[in-house]
Amino acid sequence: MKRLLTALLLCSAAGGLANAQSAQKYDTLSNELEIMSGVLKTSLRQNAATDSWRVSQIETSYLAGQGAVFTFSVRGQSGNWVREIETLVEGLVATVPPAPPVPSANSFSDVDDIVFEAAREWEAYAEETSHRFSQAFADNNSRLRDLRNMQRELAWEAREVERELRDITFELRHADEARKKELLAQKEQSGEQLKQLEAKEKSMRDELKAIEKEQTKQMEARKAQQQQAYKTFLAGFESSMSETLCRFGSGLRGLPENEHISMVLKDFEMDESRERKDRIYVFTRADIVRCVQEKIDANKLLTNANIYQF
């Protein structure tokens, strides 16, 4: 019994020692990751190739048996760069909805077949166009207010004409010849009003198209600048990251040589469905050691990395 108790005590002591050593090992590695994080942040700040976007935060973690993970949050002057690109794309696809046709005076030759829904169609058109242009061209509020007023005026005029024609239609069905002559004259006058309404609508639509064309050019230019800044930032990030690993990678002594170092640019990419993706770089610890020893250079280290989106 004494021998059994002694053996259990020895096993317990060995287990406690192993746990303490393991905790100490992870604490040491955690400190090394924090130091490397600071080195990376300094290197990226010093070698920043653009002021548009920057690394705002670096988080570190360790996955036993796999390796160390550095996660970078990238922000632009007004937030995440992907959100800025999304805003530009949304602006580029904002188009003017097709205007409803305005019936000409000739379409009222048969008073029994009059079906005129212009008011509701024009009101819907005015609201939708106003909303889309307010979203896409919010920096031109004064002009947009004028356009919205024009749209409301057109919708109001269409509604008034609809009421007049509805009344004329009803009365013509029961009027005598003398009254019919008077009503037909009123109908002709309403038809002229519709022609004027159609002319105003065309003028407004042409103006909206001109605004859209000019604003689209500006958006395309902004988008090109954003894309160029993206490429510039990415080139600077990859260069600084690989060079830093080659110069200071030996500081990660607690990381086993058969494991990896992963660099994650959080929400940095955007796929065709406009879903945000991380851009991930996976380096082997062995390659980093070779680069520190100058057996390979930073470019080769980056070439050997597994780079993908997820």
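Details of the structure are given in the entry above.
Conventions and cut-offs
Each chain carries its own residue numbering, running from 1 in the direction its sequence is written. The predicted nature of this model means local features are confined to residues of pLDDT at least 70 and side-chain atom pairs, given and counted, to a pLDDT of 80 or more, with totals for whole chains, interfaces and linings taken over all residues. Processing note: side-chain calculations cover all non-hydrogen atoms of the structure and skip hydrogens and water entirely. Helix numbering and strand numbering both begin at the N terminus, where a helix is a DSSP run of H or I of at least 4 residues and a strand a DSSP run of E of at least 2. Throughout, exposure labels follow a simple rule: accessible area from a 1.4 Å probe, protein chains only, divided by the maximum for the residue type, with under 20% read as buried, over 50% as exposed, and the rest as partly exposed. Contacts: residue pairs with any heavy atoms within 4.5 Å of one another. Each accessible area value is a Shrake-Rupley result obtained with a 1.4 Å probe; residue values ignore everything except the protein chains displayed when judging cover. In the analysis that follows, any N or O atom pair within 3.5 Å is treated as a polar contact, provided that within protein one partner can donate a hydrogen and the other can accept it, and provided that, for residues neighboring in sequence, both atoms belong to side chains. Criterion for a salt bridge: a side-chain nitrogen of Lys or Arg within 4 Å of a carboxyl oxygen of Asp or Glu. Defined by distance alone, a disulfide is two cysteine sulfur atoms within 2.5 Å. To pair, rings of Phe, Tyr and Trp, with the six-membered ring standing in for Trp, must have centres within 6.5 Å; the planes then decide the type, stacked if under 30 degrees apart, edge-to-face if over 60, and tilted in the middle. To form a nonpolar core, buried Ala, Val, Leu, Ile, Met, Phe, Trp, Tyr and Cys residues must be joined to one another through side-chain atoms within 4.5 Å.

Engineer: Please clarify how the overall build of the protein should be interpreted in this entry.
Structural biologist: From N to C terminus, the protein includes seven helices and five strands. When the elements of the protein are put in sequence order from the N terminus, they spell out α-β-β-α-α-α-α-β-β-α-α-β. Split into buried and exposed, the 310 residues of the protein put 38% on the buried side. Long-range contacts, defined as pairs at least 24 residues apart, comprise 70% of the intrachain contacts of the protein with a sequence gap of at least 6. Split by element, the accessible area of the protein, about 18600 Å² in all, is 49% carbon and sulfur.

Engineer: Teacher, can you tell me more about the side chain of Ser 242 here?
Structural biologist: Structurally, Ser 242 can be placed in helix H5 (residues 177–248). Of note is the side chain of Ser 242, whose polar atom sits 2.9 Å from the backbone oxygen of Glu 238.

Engineer: Before we go on, may I ask you to explain the pattern of salt bridges in this structure?
Structural biologist: In a structure, side chains of opposite charge can pair up when their charged atoms sit close to one another. A complete count under the given rule lists nine salt bridges for this structure. For Glu 275, the salt bridge goes to Lys 277, with nearest N and O atoms at 4.0 Å. Look at Glu 275 and you get partly exposed, because its relative accessible area is 44%. Given a relative accessible area of 22%, Lys 277 falls into the partly exposed group. We note a salt bridge from Asp 287 to Arg 290, for which the minimum N-O separation is 2.9 Å. A residue pair is termed a helical-turn pair when its members lie 3 or 4 positions apart in one helix, as Asp 287 and Arg 290 do in helix H6 (residues 285–292) at three residues. Using a relative accessible area of 11% as the deciding quantity, one classes Asp 287 as buried. Among the charged side chains, a salt-bridge network with shared partners connects Glu 171, Arg 179 and Glu 182.

Engineer: Hey, could you run me through the state of the cysteines in this one?
Structural biologist: Simply put, the disulfide is a covalent bond whose two ends are the sulfur atoms of two cysteines. Tallied over the entire structure, the rule returns one disulfide. Residue pairing for Cys 246: its cysteine sulfur links by disulfide to Cys 291, the two sulfurs lying 1.7 Å apart. Handedness of the Cys 246-Cys 291 disulfide follows from its S-S torsion of about 85°: it is right-handed. You can see Cys 246 sitting in helix H5 and its partner Cys 291 sitting in helix H6, a full 45 residues away along the chain. Cys 291 matches Cys 246 in its accessibility class, with the two residues each being buried.

Engineer: Explanation requested: the packing of aromatic side chains in the structure shown.
Structural biologist: Aromatic rings considered in pairs are described by the distance between their centres and by the relative angle of their planes. Scanning the model with the defined rule gives six aromatic pairs in all. Aromatic side chains Phe 237 and Tyr 281 sit 6.0 Å apart centroid to centroid with 50° between the ring planes, which places their arrangement in the tilted category. You can see Phe 237 sitting in helix H5 and its partner Tyr 281 sitting in strand S4 (residues 276–284), a full 44 residues away along the chain. For the pair Phe 237 and Tyr 281, a shared accessibility class is recorded, and that class is buried.

Engineer: I'm lost on the environment of Gly 251 in this one. Help?
Structural biologist: Among the structural elements, Gly 251 can be located in the loop between H5 and strand S3 (260–270). Owing to a relative accessible area of 29%, Gly 251 belongs among the partly exposed residues under this scheme. For Gly 251 and Leu 29, which are 222 residues apart along the polypeptide, the C-alpha to C-alpha distance reads 9.7 Å.

Engineer: Looking at this model, I keep getting lost on the nonpolar core. Mind explaining?
Structural biologist: Across soluble globular proteins, nonpolar side chains show a tendency to be buried alongside one another. In this structure, Phe 70, Phe 72, Phe 237, Met 263, Tyr 281 and Phe 283 are the most contacted members of the largest nonpolar core, which totals 35 residues. Taken together, the elements giving at least two residues each to this core come down to helix H1 (2–46), strand S1 (53–63), strand S2 (67–76), H5, S3, S4, H6 and helix H7 (298–304). Tallying contributions element by element places H5 first for this core, with eight residues. In terms of nonpolar packing, the next biggest core, distinct from the first, is built from ten residues, Leu 147, Ala 158, Leu 208 and Ile 211 among them.

Engineer: Would you mind showing me how to read unusual backbone geometry here?
Structural biologist: It is generally the case that most residues other than glycine have a negative phi and that most peptide bonds are trans. One non-glycine residue, Arg 274, lies in the positive phi region at around 65°. Topologically, Arg 274 is positioned in the loop between S3 and S4. Judged by its relative accessible area of 35%, Arg 274 is partly exposed. For Glu 294, which is not a glycine, the phi torsion comes out positive at approximately 65°. With respect to the helices, strands and loops of the structure, Glu 294 is situated in the loop between H6 and H7.

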